[in-house]
Amino acid sequence: MPERGDAVESVEQLTAAWRGLVLDRDPGADVRDLPGIAVRWADCRFAFWNCVTLTEVGAGAELVGRRLEQVAEVMRTKRHPGFLWLFEDLLDDGARAALDEAAERAGLRRAFSGSGMAGDLLPVPDPEHPDLTFVRVTTDEQLLAYADLNSRAYGFAPEDGRDGIAGSALWKTGVHAYLGLREGVPVTCAASVEVAGRLFVALVATDPDHRRKGYGEAATRKALHEGGRATGLTRATLHATAAGAPVYLRIGFTPNSPVHFYALGD
């Protein structure tokens, strides 16, 4: 098992990054740090902006069971669905063994899994891809294209992705967000933002019709290159889906804690 310090870094990066991104979406969003639970919930249609996570280190089965019940209670008060992001390596061995049973008792179901990842890998060279031209997101039209790529990649309705970042000033200024264009058409995107002394990568997506061409890797390298050049940071972090993890391994990221995403059961 990786050192718990890696998992702590990963969850701290999530809570710090999501604080800014969720409050950018809605200054009145539910952003709270409760005992053992961090709430980062915009209550918008973009489910990734509706987030709860457990924060205690070494929590046992009994405590985790109580926390899962509390998380489910929080989620049931919301209008829009979201996810519990659960970092497995924060838990003790007994809690990990009993996790799915405890989640089921709380009314939660595992939706999908991924991994926290990090690396001292900056600076990254400016990438080149024969098919792509990169542009930074600076206009509302480009921001909508970025949202639409995420909707297509993750199976959301177009309106859901747009509800997450349409109209944002932060995404056009403070976030290093890039579109990869093929013959002038956006086909991939990635972003990086400075978070607590690290460069955090977020919302990497590629149009499903253009996968397995190296586009997502090139876009991620572009976001890292430009974010690193602007900030001078040397360490980067992200949270990867199982499908995306091999891309980040090639760039130089190392996995840390498995992350399981839970939604409310039907």
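Fair warning: this is a prediction, and the values are worked out from it, not measured in the lab.

A. Layout of the sheet that holds strand S6 (residues 133-136). Reading across from one edge, S1-S2-S3-S4-S11-S5-S10-S9-S8-S7-S6 is the order of the 11 strands in this open sheet, with mixed pairing throughout. A strand with exactly one partner marks an edge of an open sheet, and here the two such strands are strand S1 (30-34) and S6. Ignoring which end each strand starts from, the neighbouring axes of this sheet average 25° apart. Packed on one face of the sheet, helix H2 (residues 61-76) meets S1, strand S2 (37-41), strand S3 (50-54), strand S4 (83-87), strand S5 (108-119) and strand S11 (254-264) and runs near 165° to S3. Against the sheet, helix H4 (residues 99-106) makes contact with S4, S5 and S11, and its axis sits at roughly 130° relative to S5, the strand it touches most.

B. Quick look at the layout of surface pockets. What the largest pocket holds in volume is close to 850 Å³. Lining the largest pocket are 33 residues, and of these Tyr154, Thr241, Ala243, Gly244 and Tyr248 sit closest to its centre. Secondary-structure elements contributing two or more residues to the lining of the largest pocket are helix H5 (140-154), strand S9 (198-206), helix H8 (215-231), strand S10 (236-241) and helix H9 (245-251). Ranked by the residues each element gives to the lining of the largest pocket, the list is headed by S9, at 7 residues. Grouping the constituent residues of the lining of the largest pocket by class yields 20 nonpolar, 8 polar and 5 charged. Here the second largest pocket is characterised by a volume of approximately 180 Å³. Contributing to the lining of the second largest pocket are 14 residues, with Ala47, His80, Pro81, Gly82 and Ala263 lying nearest its centre. Residues of the lining of the second largest pocket, tallied by class, amount to 9 nonpolar, 2 polar and 3 charged.

Scoring rules and cut-offs
For every chain, the first residue of the written sequence is number 1, and numbering continues from 1 onward in sequence order. Predicted model: local features are reported for residues with pLDDT of at least 70 only, side-chain atom pairs are reported and counted for 80 or more only, and whole-chain, interface and lining totals are derived from all residues. As a rule here, side-chain values come from all non-hydrogen atoms in the structure, and water together with hydrogens is ignored. Paired strands, as defined in this entry, are two strands with at least two bridges between them according to DSSP. Numbering of helices and strands runs from the N terminus; a helix is a DSSP stretch of H or I covering at least four residues, while a strand is a stretch of E covering at least two. The axes used here are C-alpha line fits, helices contributing only the stretch in contact, and every angle between their N-to-C directions lies in the interval 0 to 180 degrees. Note on contacts: a residue pair is in contact if any heavy atoms of the two residues lie within 4.5 Å. Residues are called lining when one of their atoms sits within 4 Å of a cavity or pocket point, these points coming from a 1 Å grid over the protein atoms alone, where a cavity is a set in which a 1.4 Å probe fits but cannot get out and a pocket is an open set with protein on both sides within 12 Å along at least five of seven lines. Grid points are joined across faces, edges and corners, and a volume is the space filled by probe spheres set on the points. When residues are grouped by polarity, Ala, Val, Leu, Ile, Met, Phe, Trp, Tyr, Cys and Pro land in nonpolar, Asp, Glu, Lys and Arg in charged, and all others, Gly among them, in polar.

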